[in-house]
Amino acid sequence: MPLPFAPLLPIALRLGAVATTTWALARIMQDRAHPGRTDQRAEDALDDLDEGLTLHRPADRAEDRQTNATARLRRVIRLRGQVWELDAGLLARVRLRQRPE
């Protein structure tokens, strides 16, 4: 006995239209997105970080109470015969200044 495809046709057309619209919108958003930039100085600073977490206040920035934080985590993960290297780095600066009103 042949299957009746006629009742499924409207559903298939709707799903196809939604998929095509989603794909087109994703392409448009990707084309308009800012490509970003890589600052080599920041890359070098992240590569020079020691592993672990640090938090300190530089002596030369005592007047504005600047606090610097760094963190770096380097691990090798083996999972199901694949080897992944995780290298995560973070630089942060927080300055608290009192301003006259």
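Bear in mind the structure is a predicted one, so any value in this text is a computation, not a measurement.

Asker: Would you take a moment to explain the overall build of the chain for this structure?
Answerer: Per the secondary structure count, the chain includes two helices and three strands. For the chain, the α and β elements follow one another from N to C terminus as α-α-β-β-β. A principal-axis box enclosing the C-alpha atoms of the chain has dimensions of 85 × 55 × 25 Å. Put simply, the chain has 101 residues, and 10% of those count as buried. In the chain, of all internal contacts separated by at least 6 residues, the share reaching a separation of at least 24 is 33%. Within the chain, one finds 17 positive and 14 negative side-chain charges whose respective centroids are separated by 8 Å.

Asker: Please explain a nonpolar patch on the surface as it appears in this structure.
Answerer: On the surface, a cluster of nonpolar side chains totalling about 570 Å² of accessible area is made up of L3, F5, L8, I11 and L15. Within the element layout of this structure, L15 appears in helix α1 (residues 9-32). Judged by relative accessible area, L15 falls into the exposed class, the value being 58%.

Asker: What is the right way to look at the pattern of salt bridges in this model?
Answerer: Here the idea is simple: oppositely charged side chains can pair when their charged atoms come close. All chains considered together, the criterion is met by three salt bridges. Linking D39 and R41 is a salt bridge whose minimum nitrogen-to-oxygen distance equals 3.1 Å. For the salt bridge of R72 with D87, the shortest nitrogen-to-oxygen distance reads 2.8 Å. Here the residue R72 occupies a position in strand β2 (residues 67-79), and D87 occupies one in strand β3 (residues 82-94), the gap between them amounting to 15 residues.

Asker: Please explain the side chain of N68 as it appears in this structure.
Answerer: Looking at where N68 falls in the secondary structure, it is placed in strand β2. For N68, a relative accessible area of 17% gives the class buried. A polar atom in the side chain of N68 sits 3.0 Å from the side chain of Q66. In this structure, N68 is in contact with T54, L55, H56, P58, A92 and R93, ignoring residues within four places of it in sequence.

Asker: Is there a simple way to think about the environment of F5 in this case?
Answerer: In this fold, F5 is placed in the segment before α1. Considering only alpha carbons, one finds F5 and I28, 23 residues apart in sequence, at a separation of 34 Å.

Asker: Mind showing me how you'd approach unusual backbone geometry here?
Answerer: Trans is the prevailing form of peptide bonds, just as negative phi is the prevailing case for residues other than glycine. Although it is not a glycine, R80 adopts a positive phi angle of roughly 55 degrees. If you trace the backbone, R80 turns up in the loop between β2 and β3.

Cut-off values and rules
- Residues numbered from 1 in each chain as written.
- Predicted model: local features only at pLDDT ≥ 70, side-chain atom pairs only at ≥ 80, totals over all residues.
- Heavy atoms only, no water.
- Helix = DSSP H or I, 4+ residues; strand = E, 2+ residues; numbered from the N terminus.
- Buried < 20%, exposed > 50% of the residue type's maximum accessible area, 1.4 Å probe, protein only.
- Contact = heavy atoms within 4.5 Å.
- Lys, Arg positive; Asp, Glu negative; His and termini not counted.
- Charge placed at Lys NZ, Arg CZ, Asp CG, Glu CD.
- Patch = residues over 30% accessible without salt bridge, like charges linked within 9 Å, V, L, I, M, F, W, Y side chains within 5 Å.
- Areas by Shrake-Rupley, 256 points an atom, 1.4 Å probe, with all protein chains shown as cover.
- Salt bridge = Lys/Arg side-chain N within 4 Å of Asp/Glu carboxyl O.
- Polar contact = N/O pair within 3.5 Å; in protein donor to acceptor, adjacent residues only side chain to side chain.

Limitation: the analysis is restricted to geometry and does not speak to function.
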